[in-house]
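Each chain, written out:
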Amino acid sequence: MNPGLCNREHLRIVVRLAAFFTLLFCTVSSYARPDMSPLGPNIADKGSAFYHFSVRTFDSTDGKRHYKVWTGIPNKAPPASGYPAVYLLDGNAVMDRLSDAFLQTLSQHNPPVIVAIGYQTPLPFDLESRTWDYTPPAEGNEQVLRGRKGGGSQAFRQLIEQTIAPQVEQHTAINPHKRALWGHSYGGLFVLDAYLSSRIFTAYYTAVPSIDHNNVALLNQITHTEKQRVSHKQLWLMEGDGEQRVREKGNHLDVLSAIRETASTLRDNGTAATFLLFPGLTHGEMFTASFQAALQRIATEE
């Protein structure tokens, strides 16, 4: 064989591998900081013509984090099989962005019970707490992300499954085969992690998950998970491309390809997975657009 041809082929393989691993291990650093202004009254405080809300508080097992959970139950009678239920992370910001007009659109179909899991703070986000709760450990250890500790997702998931869900669903007709989980950014990362191991959710909506070198292994785990483990689950991977140009200028390859490839691989393996692109939307703009899309999709499912 011609040595020159061998060398050129070897070089092409090396370049492809380098591009692949650069894609996996680069992270987006251009996200705008969220508005951290204190919130005013939300839809639960103002009242709704289509939902009625209750509020509960919970504490983490170690007593370091304190949660506020809003449960919205449709005024419309449940179907014979029970209401679908949607659990949404970053509940303070979610509740601030729910309007009665939007709840009316849900009520025109099969409205879900809305469980918004937030924190006991007047702010839209508790940055320290959500970093810990929403991110998985990196190779079995704690993470440090932008100066904040992460890695507590397992304990938080157990709190949701074993304490929060049983209490908020008590005396409410819930369809156990139609429980969904939604999260954005670090919350989207939590959804991916929960997809691998949660026992109670059947639909998973991950919006612009914060994939970096500590967490990219999740995508590999998901694509290599045995089909029977997730045969009863649906995964929705939701991305916006509004910051693609900024990412390219920062010498970061876009993670859209990795997310899209994950969905494609899962579908090829016979697993229910869908990639949803929101053209032109930035990381921050995906927050409201993605949770509203998830709620609307669930409300209109047969």
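This text gives an overview of the structure that appears in the document. (Residues numbered from 1 in each chain as written. Predicted model: local features only at pLDDT ≥ 70, side-chain atom pairs only at ≥ 80, totals over all residues. Heavy atoms only, no water.)

1. A closer look at the side chain of Glu239
So, point 1. Relative to the assigned elements, Glu239 resides in strand E9 (residues 234-240).
So, point 2. Setting aside residues no more than four positions away along its own chain, Glu239 makes contact with Val208, Pro209, Leu256, Ile259, Phe275, Leu276, Leu277, Phe278 and Met286. (Helix = DSSP H or I, 4+ residues; strand = E, 2+ residues; numbered from the N terminus. Contact = heavy atoms within 4.5 Å.)

2. Points about the pairing of strand E4 (residues 113-119)
In summary, the side chains of a regular strand alternate between the two faces of the sheet.
So, point 1. Burial of E4 is extensive: 7 of the 7 residues sit out of reach of the surface.
So, point 2. Residue alternation in E4 divides its side chains into two sets, Val113, Val115, Ile117 and Tyr119 and Ile114, Ala116 and Gly118, and both sets are buried.
So, point 3. Here strand E2 (residues 66-74) runs beside E4; their pairing, made up of 6 bridges, is antiparallel. Counterpart to Thr71 in the pairing with E4 is Val115. (Buried < 20%, exposed > 50% of the residue type's maximum accessible area, 1.4 Å probe, protein only. Pairing = 2+ DSSP bridges.)

3. What about unusual backbone geometry?
So, point 1. Notably, His171 is not glycine yet its phi reads approximately 65°, a positive angle.
So, point 2. Mapped onto the elements of the fold, His171 is located in the loop between helix H6 (153-169) and strand E7 (174-184).
So, point 3. Look at His171 and you get exposed, because its relative accessible area is 79%.
So, point 4. Look at Ser185: it is not a glycine, yet its phi comes out positive at around 65°.
So, point 5. The topology assignment puts Ser185 in the loop between E7 and helix H7 (186-197).

4. Quick word on helix H5 (residues 127-134)
So, point 1. Most of H5 is tucked away: 7 of the 8 residues are buried.
So, point 2. All buried positions along H5 are accounted for by Leu127, Ser129, Arg130, Thr131, Trp132, Asp133 and Tyr134.

5. With respect to the pairing of strand E3 (residues 83-88)
So, point 1. Burial within E3 is extensive, with 6 of its 6 residues counted as buried.
So, point 2. Residues Tyr83, Ala85 and Tyr87 line one face of E3 and the alternating positions Pro84, Val86 and Leu88 line the opposite face, and both faces are buried.
So, point 3. Pairing of E3 with E7, which is carried by 5 bridges, proceeds in the parallel orientation. Pairing of Leu88 across the sheet is with Trp182, part of E7.
So, point 4. Across 4 bridges, E3 lies against E4 in parallel orientation. When the sheet's bridge partners are listed, Ala85 is paired in E4 with Val113.

6. With respect to the sheet that holds E3
So, point 1. Ordered by their spatial adjacency, 8 strands build an open sheet running E1-E2-E4-E3-E7-E8-E9-E10, and the pairing between neighbours is mixed. In the strand order of this sheet, the two ends are held by strand E1 (51-59) and strand E10 (273-278), each with one partner. Across the sheet, the mean angle separating the axes of adjacent strands is 20° when strand polarity is ignored.
So, point 2. Looking at chain direction, E7 and strand E8 (residues 203-207) are connected through 5 bridges and run parallel. Each residue of the ladder has a partner; that of His184, found in E8, is Ala207.
So, point 3. On the sheet, H5 packs against E2, E4 and E7 and is oriented at approximately 115° with respect to E4. (Axes fitted to C-alpha atoms, helices over the stretch in contact; angles between N-to-C directions.)

7. Looking at the nonpolar core
Soluble globular proteins tend to pack their nonpolar side chains together in the buried interior.
So, point 1. Of all hydrophobic cores here, the largest spans 48 residues; its most connected members are Tyr87, Phe156, Ile160, Leu181 and Leu235.
So, point 2. The element contributing the most residues to this core is H7, with 8 residues.
So, point 3. Non-local contacts of Leu181, meaning those with residues more than four positions away in its chain, are made with Tyr87, Leu89, Phe190, Val191, Ala194, Phe201, Ala203, Tyr204 and Tyr205.
So, point 4. Grouped together as the second largest cluster of nonpolar side chains are 33 residues, Met95, Leu103, Ala207 and Ala294 included. (Core = buried A, V, L, I, M, F, W, Y, C linked by side-chain atoms within 4.5 Å.)

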